[in-house]
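# Remarks on the overall topology
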Amino acid sequence: MAISARNVLVGKVSALSDGPVNAEVEVTTATVNRIVAIVTEASAKSLGLAVGKEAAVVIKAPWVVLMTGQQQYRFSARNQLQGSVAKVARGAVNSQVTVALAGGDKIQAVVTNEAADELGLATGAAVTAMFKASHVMLGVPA
């Protein structure tokens, strides 16, 4: 599968909660990172989502927000994954930051250079990658 989104993680559906409009789907990667997605009920049915089924999680890098340090607030974003900065690729305006998660998964974020500087994003820095469940797309094997 060729896709422009920077983040594609593969796992299995570990929980599924159907509703009349939306379904909440939890996918656990082979390295035990849990990601929650909200998809329409129609999408859940057309993809044949069920606990145990393989699924690809797709998240565009600009949808990933990075946090460092002790948090003074709690956030409503369902996905908050702890990791460390593996690489920072600085561009003219934005930086692409690769975050190493537990077990070897990686997730990429695109942040402004100003934000990268303010957060002190450098190799080895502890960071939390945060994104909303509604920003997660799911795919299944054809």
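Just so we're clear, the structure is a prediction, and the values are computed from it rather than from any experiment.

Cut-offs used in this document
- Residues numbered from 1 in each chain as written.
- Predicted model: local features only at pLDDT ≥ 70, side-chain atom pairs only at ≥ 80, totals over all residues.
- Heavy atoms only, no water.
- Salt bridge = Lys/Arg side-chain N within 4 Å of Asp/Glu carboxyl O.
- Patch = residues over 30% accessible without salt bridge, like charges linked within 9 Å, V, L, I, M, F, W, Y side chains within 5 Å.
- Areas by Shrake-Rupley, 256 points an atom, 1.4 Å probe, with all protein chains shown as cover.
- Helix = DSSP H or I, 4+ residues; strand = E, 2+ residues; numbered from the N terminus.
- Buried < 20%, exposed > 50% of the residue type's maximum accessible area, 1.4 Å probe, protein only.
- Core = buried A, V, L, I, M, F, W, Y, C linked by side-chain atoms within 4.5 Å.
- Contact = heavy atoms within 4.5 Å.
- Pairing = 2+ DSSP bridges.

Attention now goes to the pattern of salt bridges. By the definition in use, this model includes four salt bridges. With a closest N to O distance of 2.7 Å, Arg34 and Glu26 form a salt bridge.

So, on to a nonpolar patch on the surface. A cluster of nonpolar side chains, namely Ile3, Val8 and Val10, defines an oily patch on the protein surface of about 220 Å² accessible area. You can see Ile3 is positioned in the segment before β1 (7-17). Residue classification places Ile3 among the partly exposed positions, given a relative accessible area of 42%.

Judged by nonpolar contacts, the single largest core of 31 residues is most densely connected at Leu66 and Leu138. Where this core is concerned, the elements lending two or more residues are β1, β2 (22-29), β3 (34-40), β4 (54-59), β6 (79-90), β7 (94-101), β8 (106-112) and β9 (126-131). Those residues in contact with Leu138, other than ones at most four positions away along the chain, are Val25, Val27, Ala37, Val39, Leu47, Leu49, Ala56 and Val57.

Moving on to unusual backbone geometry. Positive phi outside glycine occurs at Val32, with the angle close to 70°. Structurally, the position occupied by Val32 is in the loop between β2 and β3.

Take the pairing of β7 next. With seven bridges joining them, β6 and β7 adopt antiparallel strand pairing. In the sheet register, Ala89 faces β7, and the bridge partner there is Gln96. The antiparallel hairpin formed by β6 and β7 contains three residues in its connecting segment. As paired strands, β7 and β8 are joined by seven bridges and run antiparallel to one another. In the sheet register, Ser95 faces β8, and the bridge partner there is Val111. Taking the residues that link successive antiparallel strands as the turn, the β7-β8 hairpin has four residues, and the phi of Gly103 there is positive, at about 80°.

Remember that the coordinates give geometry; whether it matters functionally is a separate question.
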